[in-house]
Amino acid sequence: MTDPRSAPAPRLPLVGWLGGWPISIFSLVLGLAVLLVFRRGLPHVGWIVGYLLLLWLLFVLITELRAPLSEGGRGLVLSAADYTIQTLYHNLLLFVLPAYYAAATLDSRNVVFPALVAAGALVTALDPVYRRLVAPRPWLNHALLGFSVFAALNVALPLVGVQPILALEASAVMAALALAPAFRREGLSGWLRAHALALAAAALALVLVWFARGLVPPAPLVLARAVAARGVAELEPVEPVHGGVVPAATVLEWGELAAYTAVYAPAGVRQPITHIWWRDRRQIARVVLPTPVLGGRREGFRTYSRFTDLKAPVAGRYRVDVVTASGQLIGRLRFTVTP
């Protein structure tokens, strides 16, 4: 006997008449418009929290009423609710995508996460794809909910002053707890079991996210500016390296190299950072900066480190990774010292 909760609800007549693609194209265009609105800055916390609450409450309601509505022949109500949830997924992921894109380093592994956010936004925009891929699979729909909650909270919490690593862990826990309705079974014992499973999932998510933190950009921290220079005076680079190339003779004459970085963070955030120096893929220095990044400065909080252990030959490809105290990559500075 087929479980009515796993059976896809019939589509709305209008959706069926249009075949899904016209509505999908309109949704995609609307989503891109939303993306353009938020691309100039970070999304407002109120928008994120409002969408999250609406999405979760609607998810809980439909989880509870899916079977009675299906048995009562009210499939159109389910279709409308499912389509609303799909739209909420789409807009929520689009809200946070610019923050993850800005925080990601495109030549590092943390570019995977914004790619997943973009993929989720695209799938939820294309109704025929969503119907074929997600709708028939409740587990995938639940995973999409957890991912959306996690991605949104991980941006929203730092906007109210929470350190990125704490926001990362808290977001993982709350995303797992939000899945309690999905674990529910009939009766009181079902709720107890659902909460127990949600708590177990939260504990597992806490551990997994810690070990996988390098895959998630520390949004909304952004490397606003990075430049190599002879030195730094009054928090400004002195004789910056133009074009990312400097002769070895010049570097030896300087006697040191400086990595100047400006990191943007929301107001209220206090984030210790580290500069990790590399030459030809070999780590040559690790400098824990004495002053943590303080959020709120539009141009970014300015800081720097120096590398003075210069012995010939100094030529090579240099890289300075700017990382949080927990090891999340904020950005990279690259330059080359020619022979």
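Analysis parameters
- Residues numbered from 1 in each chain as written.
- Predicted model: local features only at pLDDT ≥ 70, side-chain atom pairs only at ≥ 80, totals over all residues.
- Heavy atoms only, no water.
- Axes fitted to C-alpha atoms, helices over the stretch in contact; angles between N-to-C directions.
- Helix = DSSP H or I, 4+ residues; strand = E, 2+ residues; numbered from the N terminus.
- Parallel < 35°, antiparallel > 145°, perpendicular 65-115°, else oblique.
- Left-handed = near helix turned anticlockwise from the far one by under 90°.
- Contact = heavy atoms within 4.5 Å.
- Nonpolar A, V, L, I, M, F, W, Y, C, P; charged D, E, K, R; others polar.
- Phe/Tyr/Trp six-rings, centres within 6.5 Å; stacked < 30°, edge-to-face > 60°.
- Pairing = 2+ DSSP bridges.
- Patch = residues over 30% accessible without salt bridge, like charges linked within 9 Å, V, L, I, M, F, W, Y side chains within 5 Å.
- Areas by Shrake-Rupley, 256 points an atom, 1.4 Å probe, with all protein chains shown as cover.
- Salt bridge = Lys/Arg side-chain N within 4 Å of Asp/Glu carboxyl O.
- Buried < 20%, exposed > 50% of the residue type's maximum accessible area, 1.4 Å probe, protein only.
- Lys, Arg positive; Asp, Glu negative; His and termini not counted.
- Core = buried A, V, L, I, M, F, W, Y, C linked by side-chain atoms within 4.5 Å.

**Examining the packing of helix 7 (residues 138-159) against helix 8 (residues 164-177)**
One can describe the packing of helix 7 onto helix 8 by two numbers: an axis separation of 8 Å at closest approach and a directional angle of 150°. Classified by the interaxial angle, the pair formed by helix 7 and helix 8 is roughly antiparallel. By crossing handedness, the relation of helix 7 to helix 8 is classed as right-handed. Together, G146, V149, F150, L153, N154, L157 and P158 of helix 7 and P164, A167, L168, A170, S171, A172, M174 and A175 of helix 8 make up the contact between the two elements. Classifying every residue of the contact of helix 7 with helix 8 by side-chain character gives 12 nonpolar, three polar and no charged.

**A look at the packing of aromatic side chains**
One pass over the structure, following the stated rule, counts six aromatic pairs. Ring plane angle 50° and centroid distance 5.4 Å describe the contact between F113 and F147, whose orientation is recorded as tilted. With F113 in helix 5 (residues 112-125) and F147 in helix 7, this pair connects stretches of sequence that are 34 residues apart. Taking 5.1 Å as the distance between ring centres and 10° as the angle between the ring planes, the aromatic pair formed by Y318 and F335 counts as stacked.

**Observations concerning the sheet that holds strand 7 (residues 282-288)**
Strand order across the open sheet formed by five strands is 3-11-10-6-7, with mixed pairing between neighbours. Looking at the sheet topology across the chains shown, the edges are occupied by strand 3 (245-247) and strand 7. Along the sheet, successive strands turn relative to each other by an average axial angle of 25°, direction set aside. The pairing of strand 3 with strand 11 (residues 329-338) spans three bridges and is parallel. Note that in strand 11 the partner of V246 across the bridge is V337.

**What to know about a nonpolar patch on the surface**
Nonpolar side chains collect at one region of the surface, where V49, L53, W56 and L57 lie side by side and expose about 360 Å² of accessible area between them. The topology assignment puts V49 in helix 3 (residues 45-71).

**Some details on the side chain of R279**
Summarising the element assignment, R279 is placed in strand 6 (residues 273-279). Nearest to the buried, unbridged R279 among oppositely charged side chains is D280, at 5.0 Å. The residues touching R279, leaving out its near neighbours within four places in the chain, are I284, P313, V314, A315, G316, R317 and Y318.

**Looking at unusual backbone geometry**
Each neighbour pair has its own omega, and for A219 with P220 the value is 5°, a cis peptide bond. Phi is positive for L235, which is not a glycine, with a value near 60°. Secondary-structure assignment places L235 in the loop between strand 1 (222-233) and strand 2 (236-240). According to the relative accessible area criterion, L235 is partly exposed, its value standing at 34%.

**Remarks on the nonpolar core**
The biggest cluster of nonpolar side chains holds 43 residues, and the ones touching the most others in it are I48, V96, Y100, V117 and V155. Looking at this core, the elements that each hand over two or more residues are helix 3, helix 4 (75-103), helix 5, helix 7, helix 8 and helix 10 (188-211). The biggest single contributor to this core is helix 4, with 11 residues. What Y100 contacts, discounting residues up to four positions off in sequence, is F113, P114, V117, F150, A151, N154, V155, V216, P217 and A219. V241, V251, L257 and L333 belong to the second-largest nonpolar core, a separate cluster that totals 19 residues.

**Some details on the pattern of salt bridges**
Applying the stated criterion to the full structure yields 10 salt bridges. Between D107 and R332 there is a salt bridge, with its nearest N and O atoms 3.5 Å apart. With a gap of 225 residues between them, D107 in the loop between helix 4 and helix 5 and R332 in strand 11 connect regions that are remote in the sequence. Residue class for D107 comes out partly exposed when judged on its relative accessible area of 42%. One salt bridge in this structure joins R319 and D321, with 3.0 Å as the shortest N-O distance.

**Points about the pairing of strand 2**
Two strands pair when backbone bridges link them, and strand 1 and strand 2 are joined in this way by four bridges, in the antiparallel orientation. Paired with V232 across the strands is P237, a residue of strand 2. Between strand 1 and the antiparallel strand that follows it, strand 2, lie two residues; E234 among them carries a positive phi value of about 55°.

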